[in-house]
Amino acid sequence: MAPRILLIETEKHSRRMFAQLLRQNGYEVIEAENGRACVEQLFEQRVDLVITNMIMPEMDGVETIVA
């Protein structure tokens, strides 16, 4: 089973590009557009790694990590 990464990126184009690059290198990628969406995803499924922006609307990267 491939490692599962939760990728948080507010800019859709960048998020898709990073997700594609990670998938091409064998990772399973779950995408979230902000910290609040990330927290919701973490309640639904287990991930091995979270990659996040630090500056985001609603919840910044630190708030997301602490949640």
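One can find the structure itself at the top, above this paragraph.
Notes on the structure follow. (Residues numbered from 1 in each chain as written. Predicted model: local features only at pLDDT ≥ 70, side-chain atom pairs only at ≥ 80, totals over all residues. Heavy atoms only, no water.)

1. Comments concerning helix α1 (residues 12-24)
Taking 1.5 Å as the rise per residue, α1 with 13 residues should run 18 Å; its terminal C-alpha atoms sit 18 Å apart, in good agreement. Taken as a whole, α1 has its buried residues at Ser14, Arg15, Ala19 and Leu22. Down the axis of α1, the buried side of the element spans an arc of 130°, and every buried residue falls inside it. Opposite the buried face of α1, at more than 90 degrees from it, the exposed residues are His13 and Gln24. Where α1 is buried, its residues touch β1 (4-8), β2 (28-32) and β3 (49-52). Just beyond α1, the residue with positive phi is Gly26, at close to 95°. (Helix = DSSP H or I, 4+ residues; strand = E, 2+ residues; numbered from the N terminus. Expected span 1.5 Å × (residues − 1). Buried < 20%, exposed > 50% of the residue type's maximum accessible area, 1.4 Å probe, protein only. Arc of directions from axis to C-beta. Contact = heavy atoms within 4.5 Å.)

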